[in-house]
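In case you want the letters, here they are:
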There are 2 protein chains.
Amino acid sequence: MPRDFSLKKSPLAPANEPKLLPVKGINLYTFSAGLYSSKRDDIAIFIFPKNSSVAEVFTRSSIRSCTLDWNEKILKNKKIHALFVNSGNANTFTGNHGKQSVRSITDQIKKTYAINDDNIFVASTGVIGEKFPISKVLKSISRPQISKKWIYSAKAIMTTDTFPKGISYTSIIEGKKVTITGISKGSGMIEPNMATMLGFIFIDADFGSDILKKLLNENVSHSFNSISVDGDESTNDTVILASSRAIKFKKPFKSISDKRIDDFKKKLRKVFMTLSELIVRDGEGATKLIEINILRAKNEKDARTFAKSIANSSLVKTAIHGSDPNWGRIIMALGKTYININSKKLKIYFGKYLVTKNGLANPSVSDNNLSSYLKNKNIKITIDLGVGSKSSRVITCDLTKKYIDINASYKT
Amino acid sequence: MPRDFSLKKSPLAPANEPKLLPVKGINLYTFSAGLYSSKRDDIAIFIFPKNSSVAEVFTRSSIRSCTLDWNEKILKNKKIHALFVNSGNANTFTGNHGKQSVRSITDQIKKTYAINDDNIFVASTGVIGEKFPISKVLKSISRPQISKKWIYSAKAIMTTDTFPKGISYTSIIEGKKVTITGISKGSGMIEPNMATMLGFIFIDADFGSDILKKLLNENVSHSFNSISVDGDESTNDTVILASSRAIKFKKPFKSISDKRIDDFKKKLRKVFMTLSELIVRDGEGATKLIEINILRAKNEKDARTFAKSIANSSLVKTAIHGSDPNWGRIIMALGKTYININSKKLKIYFGKYLVTKNGLANPSVSDNNLSSYLKNKNIKITIDLGVGSKSSRVITCDLTKKYIDINASYKT
């Protein structure tokens, strides 16, 4: 059983807990199944109306949780009737017992909530390779009690997270108010292409699954797939966008270019960006949020490779942690991609400070100025390659002793 | 000017300093040019007889030291007359002044040591992007004094290294004794494909440059390119194999399959393996040496990708640091390669302990046993994929708070 850390809240956490709006048509239930050594909620179940729509993206890892095999199968129906999420155990590398546990969970949910189809999504997060605690889970979820506050769901899915992550927006479509509420979790094993992160975004606007899939794809690459804590990627990562379809419109939506949802799309984008940034703000041991911008690259792939190489470099992350203006490590991180670089065109900025130009250190900026800048909690590093027009942005955090502390003793 | 760390010797360092044998025909000079804040040697110059042979491999980084551009040019002559190495400054991202510095160094060496060709190799290691301290260097090397002990050269090239790295062997070829002496440096920015590592291996056996190139290629991939400290790769990495050709043979060597050098090749292999392992033993903050063996992979590329993914995972390295038997992180590191894996055939061993089989935790091995094993200084992790016949071996170290300490304040 993983111990509960009761870790001190990240210094990068927002000052207040988010106010989460309920989403019309969706009921939330939260449970304490005793999956942690201390008393806390560890399961959340969302019940949707029949025919609710859904889109999902998940980890590319070649060893993944059996929950994802299950989800992939039912995703073909393009419908969601319930979503079950537990923390404390990842249900990965758990063999037949793990698979049977998924089946038992969905059977129990069908029984308790009078559901007669299989459109029940399952997401698990926690330790890999430990037997799934199915008896505790089944015992717990057989006595449902509706949860009054959506923030409880954000709390139930936390593992080493130090604060609950969520955000709500409303938008007007055809004069009707629609709601977007998202929750996420994650703080370690975080790298682009989904890490130990879960993101669930709920809406009530009547969009079919095809529209949801397009909205999800449009947003996920710039949000959940553009963050990194430690470059490690998990077996369980999942982002789901689901709609109760409770708010109906005169004319159904066939394209995400439909002008009627311009404002909605802006709000949805904010939800994706916030949920993913909150994960980095809770990066294990993080004390600084680092934004890396690559500008004027030859193509998007190069831009992304450069951004990720910097974001995942232990030497860059420790230097920034120590407010050490050792920009040579950025040079190193760019160079180790093996992608051709014109040193004379390359410009590196720390915030507003131009650090290099013409293939040399900029003599008019002092180490003292740079070091003062690096003492901020929010650091912006900009790399202008000067060879094209493509850009990329990745959010990461510093690497600290606290990260070592947390990760040298997670399981035991 | 980088501060001298006078860091405490790594707990993984060998008990005693190596006894290095001089190599016939090669003279060594060491200097203290004041490139560090405390008094120490920081330059080594090796003078070879005319027509000595050489082979070199260097970093694949797309931003590299101007010293490598110089070396690449003169490497075409396949001859070495001198080798200059300095610590304290990497001469990278130093523009025209950096290039001119290389020229000034080689000119000075030609003058002082009466050399009338350009076959002078230059290697620099230290901080990136700081102006090269050419005046100090020139002043220092203009007063040569022969160095009595080869261990001084291993000390002069240290940066954040906590102990000098070297090894010597002798072998008999055609009844004549030949000597192999190698030195290396490096402790951070270390990843396969050359990192901030320098390796210089000197011999006196009369081999031409083509033979040296083959011997170098044969050895470098299993040694210097199979180690990792932090997954970062430097702009200056260089491994050189050079011969004074002082020991002559009846019949020149045309192939490295020549039986006469069977024993020599074994010794040379040991030199490469030892020099590279010593770098990991001096990994910044390291307390444990971790050997990762991938067995029965489908092909060599897969085997290597799996080994590197485990070796570079911060989560695996911190778990081993904490003697935490959290093998789920190995599963994660294997999975994030996106290479197909048959979980049921996969076997993970910690030392002699079989941790997983048939896609499940092995119930007959206890976390206590595994945790005790992980308290050792030398950890062996074996992954048997059970799908082919190819293998790979990578040496790495754990990730500790000391690493953060060292790297949060290297430059300032």
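Residues numbered from 1 in each chain as written. Chains lettered and ligands numbered in written order. Predicted model: local features only at pLDDT ≥ 70, side-chain atom pairs only at ≥ 80, totals over all residues. Heavy atoms only, no water.

**Regarding the overall build of chain A**
Okay, step 1: Looking only at helices and strands, one finds eleven helices and 15 strands in chain A.
Okay, step 2: Relative to the globule expectation of 22 Å for 412 residues, the C-alpha radius of gyration of chain A, 22 Å, shows essentially globular dimensions.
Okay, step 3: Judged by the C-alpha coordinates and their principal axes, chain A covers about 70 × 55 × 40 Å.
Okay, step 4: Within chain A, buried positions represent 62% of all 412 residues.
Okay, step 5: Pairs at least 24 apart in sequence give 81% of the contacts found in chain A among residues at least 6 apart.
Okay, step 6: Averaging the coordinates of the 66 positive side-chain charges in chain A and doing the same for the 36 negative ones gives two points 3 Å apart. (Helix = DSSP H or I, 4+ residues; strand = E, 2+ residues; numbered from the N terminus. Rg over C-alpha atoms; globule rule 2.2 N^0.38 Å. Buried < 20%, exposed > 50% of the residue type's maximum accessible area, 1.4 Å probe, protein only. Contact = heavy atoms within 4.5 Å. Lys, Arg positive; Asp, Glu negative; His and termini not counted. Charge placed at Lys NZ, Arg CZ, Asp CG, Glu CD.)

**Focus: the environment of Asn358(A)**
Residue and element names in this part refer to chain A.
Okay, step 1: Within the element layout of this structure, Asn-358 appears in the loop between β12 (353–357) and β13 (360–361).
Okay, step 2: Given a relative accessible area of 52%, Asn-358 falls into the exposed group.
Okay, step 3: Expressed as a C-alpha distance, the spacing of Asn-358 and Ser-65, which sit 293 residues apart in the sequence, is 49 Å.
Okay, step 4: Excluding residues that lie within four positions of it along the chain, Asn-358 makes contacts with Ser-343 and Lys-344.

**What to know about the interface of chain B and chain A**
Okay, step 1: Contact residues are listed per partner, giving 60 residues for chain B and 60 residues for chain A.
Okay, step 2: Roughly 5,100 Å² of surface becomes buried between chain B and chain A when both sides are summed, with 59% attributable to carbon and sulfur atoms.
Okay, step 3: Here chain B is connected to chain A by two salt bridges.
Okay, step 4: Between Asp405(A) and Lys401(B) there is a salt bridge whose closest N-O contact spans 3.0 Å.
Okay, step 5: Put simply, chain B and chain A have four residue pairs in polar contact (both at pLDDT 80 or more) between them. (Buried area = accessible area lost by both parts, 1.4 Å probe. Salt bridge = Lys/Arg side-chain N within 4 Å of Asp/Glu carboxyl O. Polar contact = N/O pair within 3.5 Å; in protein donor to acceptor, adjacent residues only side chain to side chain.)

**Some remarks on the relation of the copies chain B and chain A**
Both copies of the chain are related through a single rotation about an axis accompanied by a shift along the same axis.
Okay, step 1: Overlay of chain B on chain A (RMSD 0.0 Å): rotation 180 degrees, translation along the axis 0.0 Å. Taken together, the rotation and translation relating the two chain copies correspond to the operation of a two-fold axis. Distance from the rotation axis, computed per C-alpha, reaches its smallest value in chain B at Lys401(B): 2.5 Å. (Least-squares fit on C-alpha atoms with pLDDT ≥ 70 in both.)

**Re the packing of aromatic side chains**
Okay, step 1: This model, assessed by the stated rule, comprises 24 aromatic pairs over all chains.
Okay, step 2: Considering the side-chain rings of Tyr29(B) and Tyr113(B), the 4.9 Å spacing of their centres and the 65 degrees angle between planes classify their relative orientation as edge-to-face. Of the two residues, Tyr29(B) sits in strand β1 (residues 27–31) while Tyr113(B) sits in the loop between α2 (95–112) and β4 (120–124), which places them 84 residues apart along the sequence.
Okay, step 3: Owing to a relative accessible area of 13%, Tyr29(B) belongs among the buried residues under this scheme.
Okay, step 4: The positively charged end of Lys165(A) is found above the aromatic ring belonging to Phe163(A), 4.4 Å away from the centroid.
Okay, step 5: The positively charged end of Arg40(B) is found above the aromatic ring belonging to Tyr36(B), 4.0 Å away from the centroid. (Phe/Tyr/Trp six-rings, centres within 6.5 Å; stacked < 30°, edge-to-face > 60°. Lys NZ or Arg CZ within 6 Å of the ring centre and 35° of its normal.)

**What to know about the packing of α2(B) against helix α3 (residues 134–141) of chain B**
Residue and element names in this part refer to chain B.
Okay, step 1: It is at 10 Å that the axes of α2 and α3 come closest, and there the two elements cross at 5 degrees. In this view, α2 runs roughly parallel relative to α3, as classed from their interaxial angle. Judged by residue contacts, His-97, Ser-101, Ser-104, Ile-105, Gln-108, Ile-109 and Thr-112 of α2 engage Ile-134, Val-137, Leu-138 and Ile-141 from α3.
Okay, step 2: Class assignment of the residues belonging to the contact of α2 with α3 gives a composition of six nonpolar, five polar and no charged. (Axes fitted to C-alpha atoms, helices over the stretch in contact; angles between N-to-C directions. Parallel < 35°, antiparallel > 145°, perpendicular 65-115°, else oblique. Nonpolar A, V, L, I, M, F, W, Y, C, P; charged D, E, K, R; others polar.)

**Some words on the sheet that holds strand β10 (residues 289–297) of chain B**
Strand pairing in a sheet is mediated by backbone hydrogen bonds. Such pairs are either parallel or antiparallel.
Residues and elements named next belong to chain B.
Okay, step 1: Within the open sheet, the seven strands sit side by side as β8-β15-β10-β14-β11-β12-β13. Their pairing is mixed. The open sheet terminates on both sides in strands that have one partner only, identified here as β8 (227–228) and β13 (360–361).
Okay, step 2: One ladder, built from two bridges, connects strand β12 (residues 353–357) with β13; its direction is antiparallel. Residue Lys-357 lies in a different strand from β13, and its bridge partner there is Leu-360. (Pairing = 2+ DSSP bridges.)

**Quick look at the sheet that holds β13(A)**
Residues and elements named next belong to chain A.
Okay, step 1: Judged by pairing direction, the sheet is mixed, and its seven strands sit side by side in the order β8-β15-β10-β14-β11-β12-β13 without closing on themselves. Single-partner strands in this sheet number two, and they are β8 (227–228) and β13.
Okay, step 2: Pairing between strand β11 (residues 347–350) and β12: three bridges, direction antiparallel. Within the sheet, the bridge partner assigned to Ile-348 lies in β12 and is Thr-356.
Okay, step 3: In the packing of helix α6 (residues 262–281) onto the sheet, the strands contacted are β8, β10 (289–297), β14 (378–384) and β15 (390–397), and the crossing angle to β15 comes to about 45 degrees.

**Points about the pairing of strand β14 (residues 378–384) of chain B**
Residues and elements named next belong to chain B.
Okay, step 1: With five of seven residues buried, β14 is to be regarded as a mostly interior element.
Okay, step 2: As paired elements, β10 and β14 share seven bridges and run parallel to each other. Bridge pairing links Ile-292 to Ile-381 in β14.
Okay, step 3: Examined bridge by bridge, strand β11 (residues 347–350) and β14 share four bridges and lie antiparallel to one another. Looking at the pairing, Lys-347 lines up with Asp-384 of β14.

**Quick notes on the packing of helix α1 (residues 66–75) of chain A against helix α2 (residues 95–112) of chain A**
All names here are of chain A.
Okay, step 1: Running from N to C, α1 and α2 cross one another at 50 degrees; their axes reach a closest spacing of 9 Å. Between α1 and α2, the interaxial angle falls into the category oblique. Taken as a pair, α1 and α2 cross one another with a handedness that is right-handed. Within the contact between the two elements, α1 uses Cys-66, Thr-67 and Trp-70 and α2 uses Gly-98, Lys-99, Val-102, Arg-103 and Thr-106. (Left-handed = near helix turned anticlockwise from the far one by under 90°.)

**Brief notes about α2(A)**
All names here are of chain A.
Okay, step 1: Spanning 18 residues, α2 covers 26 Å between terminal C-alpha atoms, matching the ideal 26 Å at 1.5 Å per step.
Okay, step 2: For α2, the set of buried residues is Gly-98, Ser-101, Val-102, Ile-105, Thr-106, Gln-108 and Ile-109. Relative to the axis of α2, the buried residues are bounded by an arc of 160 degrees and lie together on one face.
Okay, step 3: Structurally, α2 contributes buried residues whose contacts are with β2 (43–58), α1, β3 (79–86), β4 (120–124) and α3 (134–141). (Expected span 1.5 Å × (residues − 1). Arc of directions from axis to C-beta.)

**Here's the deal with the pairing of β12(B)**
Okay, step 1: The turn joining β11(B) and β12(B), which pair antiparallel and follow one another in sequence, is formed by two residues; a positive phi near 60 degrees is taken by Gly351(B).
Okay, step 2: Between β12(B) and β13(B), which pair antiparallel in sequence order, lie two residues; one of them, Asn358(B), sits at a positive phi of approximately 55 degrees.

**Quick look at helix α9 (residues 328–335) of chain A**
Okay, step 1: Counted residue by residue, α9(A) has eight buried out of eight residues, so it is predominantly covered.
Okay, step 2: Of all the positions in α9(A), only Gly328(A), Arg329(A), Ile330(A), Ile331(A), Met332(A), Ala333(A), Leu334(A) and Gly335(A) are classed as buried.
Okay, step 3: Close packing links the buried residues of α9(A) with α7 (300–311), α8 (314–321), β11 and β14 of chain A together with α11 (401–407) of chain B.

**Structural notes on the pattern of salt bridges**
Side-chain pairs of opposite charge can arise where the charged atoms are in close proximity.
Residue and element names in this part refer to chain A.
Okay, step 1: Scanning all chains against the criterion turns up 38 salt bridges over all chains.
Okay, step 2: Close ionic contact of Glu-277 with Arg-281 constitutes a salt bridge, the shortest N to O distance being 3.0 Å. Taken together, the residues span about one helical turn, with Glu-277 and Arg-281 both in helix α6 at a distance of four residues.
Okay, step 3: Using a relative accessible area of 18% as the deciding quantity, one classes Arg-281 as buried.
Okay, step 4: Shared partners join several salt bridges into a network, and the residues in it are Arg-103, Asp-107, Lys-110 and Asp-118.

**Considering the domain arrangement of chain A**
Residues and elements named next belong to chain A.
Okay, step 1: Along its sequence, chain A is organised into domain 1 (27–281) and domain 2 (289–407).
Okay, step 2: Each of domain 1 and domain 2 has a C-alpha centre, and the two are 33 Å apart.
Okay, step 3: When domain 1 packs against domain 2, the two sides together hide about 1,100 Å² of surface, and 49% of this comes from carbon and sulfur.
Okay, step 4: Within the residue set of the side of domain 1 that touches domain 2, elements represented by two or more residues are β8 and α6. (Domains from an automatic or database assignment.)

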